[in-house]
Amino acid sequence: MKKWFIFLLVPFLSGCSLRTLNPISETGADQAFLINLSFGLMMFVVAVVCVLFILFTVKYRETEKNKTDIPKHEEGNRTLEIIWTTLPILLLIGLAIPTIIYTFQVSNTDASSEEALHVNVVGEQWRWTFQYENGKETHDKLVLPVDQEVVFHLNSTDVIHSFWVPRLVGKRDAIPGKENKLKVTPNEVGTYQGKCAEYCGILHADMRFVMEVVPEKEFEEWLAKEQ
Ligand SMILES: [Cu+2]
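Residues numbered from 1 in each chain as written. Predicted model: local features only at pLDDT ≥ 70, side-chain atom pairs only at ≥ 80, totals over all residues. Heavy atoms only, no water.

**Student:** Could you clarify how one ought to interpret the UniProt feature "domain: Cytochrome oxidase subunit II copper A binding" (unreviewed entry) in the protein in this entry?
**Tutor:** Per the UniProt record, "domain: Cytochrome oxidase subunit II copper A binding" (unreviewed entry) is annotated on residues 114-225. Overall, residues 114-225 shows 8% helix and 52% strand. The separation of its end C-alpha atoms is 24 Å. (UniProt positions renumbered as here; feature names shortened; annotations may be inferred. Helix = DSSP H or I, 4+ residues; strand = E, 2+ residues; numbered from the N terminus.)

**Student:** Mind showing me how you'd approach the sheet that holds strand β5 (residues 150-156) here?
**Tutor:** In a beta sheet, neighbouring strands pair by backbone hydrogen bonds and run either parallel or antiparallel. Spatially, 5 strands are ordered β3-β2-β1-β5-β8 in an open sheet, and the strand pairing comes out mixed. The two strands at the open ends of the sheet, each matched to only one other strand, are β3 (137-139) and β8 (180-184). Adjacent strand axes in the sheet meet at a mean angle of 25° when their direction is disregarded. (Pairing = 2+ DSSP bridges. Axes fitted to C-alpha atoms, helices over the stretch in contact; angles between N-to-C directions.)

**Student:** So what exactly am I meant to see when it comes to the pattern of salt bridges here?
**Tutor:** Two side chains that carry opposite charge are able to pair once their charged atoms sit near each other. As enumerated under the stated definition, the model contains 5 salt bridges in all. With a closest N to O distance of 3.9 Å, K141 and E212 form a salt bridge. In this pair, K141 is assigned in strand β4 (residues 141-145) and E212 in strand β10 (residues 208-214), connecting sequence segments 71 residues apart. When its relative accessible area of 31% is taken as the criterion, K141 is described as partly exposed. (Salt bridge = Lys/Arg side-chain N within 4 Å of Asp/Glu carboxyl O. Buried < 20%, exposed > 50% of the residue type's maximum accessible area, 1.4 Å probe, protein only.)

**Student:** Any chance you could explain the domain arrangement of the protein here in plain terms?
**Tutor:** Taken domain by domain, the protein comprises domain 1 (19-62 + 76-107) and domain 2 (114-224). Distance from the C-alpha centre of domain 1 to the C-alpha centre of domain 2: 33 Å. For the pair domain 1 and domain 2, the summed buried surface comes to about 1100 Å²; carbon and sulfur atoms form 48% of the total. The largest contributions to the domain 1 side of the interface with domain 2 come from R19, I24 and V106, which together make up 50% of the buried area. Inspection of the domain 1/domain 2 interface yields 0 salt bridges. (Domains from an automatic or database assignment. Buried area = accessible area lost by both parts, 1.4 Å probe.)

**Student:** How should the nonpolar core be read in this particular structure?
**Tutor:** Core analysis: the biggest nonpolar cluster contains 33 residues, and V119, L142, F152 and F163 have the highest contact counts within it. Here this core gets 4 residues from one element, more than from any other, and that element is β10. In contact with L142, other than residues within four places in its own chain, are V119, F130, Y132, F152, F163, F209, V210, M211 and E212. (Core = buried A, V, L, I, M, F, W, Y, C linked by side-chain atoms within 4.5 Å. Contact = heavy atoms within 4.5 Å.)

**Student:** Mind showing me how you'd approach the environment of L95 here?
**Tutor:** The residue L95 is located in helix α2 (residues 78-107) in this model. As for L95 and L34, which are separated by 61 residues in sequence, their C-alpha atoms are 8.1 Å apart. When residues no more than four places from it in sequence are discounted, the contact partners of L95 are L37, S38 and L41.

**Student:** When you look at the packing of helix α1 (residues 26-59) against α2 in this model, what are you seeing that I'm missing?
**Tutor:** With their axes 10 Å apart at the nearest point, α1 and α2 run at an angle of 165° to one another. One way to sum up the angle between α1 and α2 is to call them roughly antiparallel. The crossing of α1 and α2 is left-handed. Residues T27, D30, Q31, F33, L34, L37, S38, L41, F44 and V45 of α1 touch α2, and the partners they reach there are L91, G94, L95, P98, T99, Y102, Q105 and V106. Looking at the contact of α1 with α2, its residues break down into 11 nonpolar, 6 polar and 1 charged. (Parallel < 35°, antiparallel > 145°, perpendicular 65-115°, else oblique. Left-handed = near helix turned anticlockwise from the far one by under 90°. Nonpolar A, V, L, I, M, F, W, Y, C, P; charged D, E, K, R; others polar.)

**Student:** Whenever I open this one, the environment of C196 confuses me. Can you help?
**Tutor:** Tracing the chain through its elements places C196 in strand β9 (residues 190-196). The spacing of C196 and R127 is 69 residues in sequence and 8.8 Å in space, taken between C-alpha atoms. If sequence neighbours within four positions are ignored, C196 has contacts with W128, H161, S162, H204 and M207.

**Student:** I keep staring at the pairing of strand β1 (residues 117-124) and nothing clicks. Help me out?
**Tutor:** Side-chain positions along a regular strand alternate between the two faces of the sheet. Taken together, the 7 bridges between β1 and β5 define a ladder with parallel strand orientation. Directly across from H118, in β5, lies its bridge partner V151.

**Student:** What exactly am I supposed to notice about the coordination of the copper ion here?
**Tutor:** For a metal with four tetrahedral donors the ideal donor-metal-donor angle is 109.5 degrees, whereas six octahedral donors ideally subtend 90 or 180 degrees. Taken together, H161 (ND1), C196 (SG), C200 (SG) and M207 (SD) make up the protein donors of the copper ion, found 2.0 to 2.6 Å from the metal. Here the copper ion binds 4 donor atoms, and the angle range of 90 to 123° at the metal identifies the geometry as tetrahedral. Mapped onto the polypeptide sequence, the residues donating to the copper ion form the spacing pattern H-x34-C-x3-C-x6-M. Of this pair, H161 sits in strand β6 (residues 161-165) while C200 sits in the loop between β9 and β10, placing them 39 residues apart in sequence. (Donors = N, O, S within 2.8 Å, 3.2 Å for Na, K, Ca; no water. Tetrahedral: all angles 85-135°; square planar, octahedral: opposite > 155°, others 65-115°.)

What follows is the structure in structure tokens.
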């Protein structure tokens, strides 16, 4: 087997369930849209550059016929200069507008609704603690009701950690002495993996947790139960 063949096997290594591009929340979907948009714009630029590169290499290559030609001297080309100045500006504006809108939306935890569920999330080397409003506390297991807005209050007792449930929403840091908030509404019942996304010491890779999204009634029962 030739060595390059090994690269064909790469897609089969994708058994990991930490996926970000099929989110179960609207905020996650907005973020996935931003990823797709920036990737799409980037691929557009890559495609244009590749096509022009190939076109010019072929068109202006040296042949027997043009070997002794001296190219015409150009003093600049206003049309071209306007095009390659405005096009990147337009691309960046197209990227900036949705990015700014969605970034402010996800950061605006003050706009959370009255009946939002508040959960304290404490990161420590190397586990997660989740504290509910009634005093219930769990480790490495986060249970949430479906279709209910939740505001996470992130904190840490030692070093900086990063709270991340890939299918729910993007990462947010848990910093000692500073509360970070994250507002999101999970819209699909299921069990999801979460982990610390900031290197925080020797057992960082083991700092995982499980997020269970359950129907409202089931959540109420779970919350009322003794720990
Ligand atoms: Cu950590």
